[in-house]
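Observations on the three-dimensional arrangement
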Amino acid sequence: MKFLDLPPATHASGTLRLPGSKSISNRFLLLAALAEGETAIRDLLLSDDVERMLEALKALGIDWQRGEGNDFLVRGAGGAFPVQQAELFLGNAGTAFRPLTAALALSNGHYRLSGVPRMHERPIGDLVDALRQLGADIRYLGNEGFPPLEIGPAPIRAGGRTTVRGEASSQFLTALLMALPLTGAEATVEVIGELISKPYIDITLNLMARFGVTVERDGWREFHIPAGARYRSPGTVFVEGDATSASYFLAAGAIAGGPVRVEGVGRDSIQGDVRFAEALQAMGARIGMGPNWIEARAPERGRLQAIDLDCNHIPDAAMTLAVAALFAQGTTRLTNIASWRVKETDRITAMATELRKLGATVAEGADSIAVTPGLTFTPHAAIDTYDDHRMAMCFSLACLGSVPVRINDPGCVNKTFPEYFERFASLVAPVIAIDGPSASGKGTVAALVAEKLGLHYLDSGALYRLVALAALRAGVALDEGEALARIAETLPATFEGGRILLDGEDAGMAIRSEECSAGASKVAAFPAVRTALLGRQRAYRLAPGLVAEGRDMGSVVFPDAPLKVFLTATAEARAERRYKQLIDKGMSANIDILLQDLRERDARDSARAVAPLQKCADAELLDTTAMTVDEAVAWVIERVRRRLPQAAARS
Ligand code: DC
């Protein structure tokens, strides 16, 4: 996708579970690969950067397997890698490139490491210099001081001291510390200059300790690895949620009402970026925290306030503050962020350029940024993302300024958080999913709930009916799956007010015919038709929220819907209702035939292989057999009030 248009939003609230931390995922993988024994890694992040590490480990002879969901089993080599010669492509994954460089440099083999062009612009000289002090043979294949690299076999000097510069990236020290136990000898690393991003070193030391290697440290200057240190698998390890990813959602809660609660990180987290919550608190947000969760709400009164913050302790999450600054009164100054310049892009310049598009005044320093919001947000800004996942995620927040925002190249979030935009949408546009069988009355109930709450409404059945109608009109048989899918892909359907248009013509009556009802149920059984309609259905999720009805709203289209209802009634009650409807319209009807048709359609909708009609485990059952429409609507609104108080407040 070239761009993603985010519609204006004014409120964000909800609860979500975070994907695994990238930093922890890639460290666990490497430690498990070097350790003695098998390690079960639970809740690993599945993203591009982690995939690069997994591929590299496979190429280096490490046996790993994926289990259920995000669980992996790694059989450790119990020392250096089994494969002594390999070419590795590591994309733009710094958390794979740096630690692997160090581990391979101490492995006495022949390796080449390369990445995407931006990776070849990210310095690695400080790490190479440190490894050369130990005797490693590393050559630059392009520019001096940058990847790609060639590593040759070399005798490594056991014991003694190594120095590494601490100012450019803490990943160099992390890489050295993780690799040094491969030598089996005592080793000391001395950091030259100020060490940045110290919390990341804390993560490294913590995880090494879990694999049996305790590093002694003297302040942040000297790190000592004892003689005979060896990694041993601790058995099973769990990856925490990603604290940096949490920052976008927490900021959304602080900016736009809240409460937004993230699960997977909290007070017990080993990630420094959880301290982002303190920065939000300093801006006036109301923060709550438990061992494994954090919650953010907007200030009790008034707006967020600007802050002046040294961000050395939260280098990545600090980017989120730069965008939150658009919503704060005054000028926010973020300092000690020199590392931004050597990340996925030059983040200081990129951030300044894009913030200006939204009307802010931005002063860019060598290692700082100052952001003063404009009086209003400039609408329709097209934000460039520089192949930087964090730029894309940060700038999604701008739509909370009640303006439409375009995010260019949104796919760059795959680096760490492939489902980011869907999760973000679930906070600013919650979905109430109402599924159920034909003629259960879910359409009437859903439309009334949407109207009463001022939410958008999606009648997904109408889309399947329109496909059937378009096929019948074009003379396409209802068993030609591929031809039907092509019709679904390009369906010229629009919903205007209460009207349903096909090719600009009112099709509201035509799609309700018995022929279209039976036809819709047939076309809906083709997986290719369902896939073709998926994106179109999801595009209806717009702020302030959506009531979506159909058969698979809760199970397939909006599985993260915070409220799911399975609305049903006995087949007899449904046939009776349909009978009355038809008689009221002056049409003739036979109740026995209607009942038989309904049963056949139920069977077809429930028995099909893809997205069958089913009650999800997390859906609430609403049996309307003995209820009036008003009672059913009141029942749903009561559930909304309990689960989504903000959405119900509009009723
Ligand atoms: O809700 P309805 O009766 O208008 O739906 C018409 C047909 O479309 C129904 O027989 C099953 C199918 N359908 C579906 O498969 N998935 C949906 N989400 C909605 C409808």
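Shown above is the structure to which this text applies.
From a predicted model like this one, the values you see are computed outputs, not experimental measurements.

What counts as what
Residues numbered from 1 in each chain as written. Predicted model: local features only at pLDDT ≥ 70, side-chain atom pairs only at ≥ 80, totals over all residues. Heavy atoms only, no water. Pairing = 2+ DSSP bridges. Helix = DSSP H or I, 4+ residues; strand = E, 2+ residues; numbered from the N terminus. Axes fitted to C-alpha atoms, helices over the stretch in contact; angles between N-to-C directions. Contact = heavy atoms within 4.5 Å. Near = heavy atom within 4 Å. Polar contact = N/O pair within 3.5 Å; in protein donor to acceptor, adjacent residues only side chain to side chain. Areas by Shrake-Rupley, 256 points an atom, 1.4 Å probe, with all protein chains shown as cover. Buried < 20%, exposed > 50% of the residue type's maximum accessible area, 1.4 Å probe, protein only. Right-handed = clockwise from strand over helix to strand, strands pointing away. Parallel < 35°, antiparallel > 145°, perpendicular 65-115°, else oblique. Left-handed = near helix turned anticlockwise from the far one by under 90°. Salt bridge = Lys/Arg side-chain N within 4 Å of Asp/Glu carboxyl O.

Points about the sheet that holds strand E33 (residues 620-623)
Reading across from one edge, E27-E31-E26-E32-E33 is the order of the five strands in this open sheet, with parallel pairing throughout. The outermost strands of the open sheet, each flanked by one partner alone, are strand E27 (456-459) and E33. If you compare each strand with its neighbour and ignore which way they point, the axes differ by 20° on average. Strand contacts of helix H21 (residues 629-643): strand E26 (431-435), strand E32 (563-568) and E33, with the helix running at about 165° to E33, the strand carrying the most contacts.

Considering the site of the ligand
Lining the immediate environment of the ligand, one finds 17 residues, of which Arg465, Arg530, Arg551, Asp552 and Arg608 sit closest. One nitrogen or oxygen atom from the side chain of arginine 530 is found 2.9 Å from an oxygen atom belonging to the ligand. Protein burial of the ligand: of its 450 Å² of free accessible surface, 97% is covered by the chains. Residue assignment for the shell around the ligand shows that the elements contributing at least two residues are helix H14 (460-474), helix H16 (514-523) and helix H20 (591-607). In terms of residue count, the dominant contributor to the shell around the ligand is H14 (four residues).

So, helix H5 (residues 170-179)
Within H5, 10 of the 10 residues are buried, which leaves it mostly tucked inside the rest of the structure. Buried within H5 are the following residues: Ser170, Gln171, Phe172, Leu173, Thr174, Ala175, Leu176, Leu177, Met178 and Ala179.

Here we look at the pairing of strand E21 (residues 332-335)
Every second residue of E21 is oriented toward a common face, the buried set being Thr332 and Leu334 and the non-buried set Arg333 and Thr335. Relative to E21, strand E19 (residues 308-310) is paired through three bridges, and the arrangement is parallel. By the bridge assignment for E21, aspartate 310 is matched with threonine 335. Examined bridge by bridge, E21 and strand E23 (residues 368-372) share four bridges and lie antiparallel to one another. Bridged to arginine 333 within E23 is alanine 370.

Some points on the pairing of strand E10 (residues 161-165)
Residues Thr162 and Val164 of E10 are buried on one face, while the alternating residues Arg161, Thr163 and Arg165, pointing to the opposite face, are not. Both E10 and strand E11 (residues 187-192) contribute to a ladder of five bridges, which runs parallel. The residue bridging threonine 163 from the neighbouring strand is glutamate 190, located in E11. Between E10 and its parallel partner E11, the chain crosses via H5, and the hand of that crossover is right-handed.

A look at the packing of helix H13 (residues 442-453) against H21
Direction vectors running N to C along H13 and H21 enclose 55°, while the axes themselves pass 9 Å from each other. By the angle between their directions, the pair H13 and H21 is classed as oblique. Viewed along their axes, H13 and H21 form a crossing whose handedness is right-handed. Judged by residue contacts, Thr444, Val445, Leu448, Val449, Lys452 and Leu453 of H13 engage Val629, Ala632, Val633, Val636, Ile637 and Val640 from H21.

A look at the pattern of salt bridges
Within the structure shown, the criterion is met by 48 salt bridges. As a salt-bridge pair, aspartate 126 and arginine 165 come within 3.1 Å of each other at their nearest N and O atoms. Of this pair, aspartate 126 sits in helix H4 (residues 125-133) while arginine 165 sits in strand E10, placing them 39 residues apart in sequence. Taking the relative accessible area as the measure of exposure, aspartate 126 reaches 15% and is therefore buried. Linked through salt bridges whose partners overlap, the residues forming this network are Lys22, Asp49, Asp316, Lys343, Glu344, Arg347, Asp388, Arg390 and Lys415.

Details of the environment of leucine 534
Within the fold, leucine 534 resides in helix H17 (residues 527-538). In this structure leucine 534 comes out as partly exposed when scored by relative accessible area, which is 23%. A C-alpha to C-alpha distance of 41 Å links leucine 534 and threonine 332, two positions 202 residues apart in sequence. Leave out the neighbours within four places in its chain, and leucine 534 touches Val556 and Val557.

As for the sheet that holds strand E4 (residues 63-66)
Spatially, the four strands line up as an open sheet ordered E4-E5-E3-E14, and their pairing is mixed. Two strands in the sheet have a free side with no partner beyond their single neighbour: E4 and strand E14 (236-238). Neighbour-to-neighbour, the strand axes of the sheet open up by a mean angle of 20°, direction not taken into account. As defined by bridge partners, E4 adjoins strand E5 (residues 72-75) across four bridges and the pair is classed as antiparallel. Paired with arginine 66 across the two strands is phenylalanine 72, which belongs to E5. Each of strand E3 (38-42), E5 and E14 is contacted by helix H1 (residues 22-34), which is oriented at about 165° to E3, the strand it contacts most.

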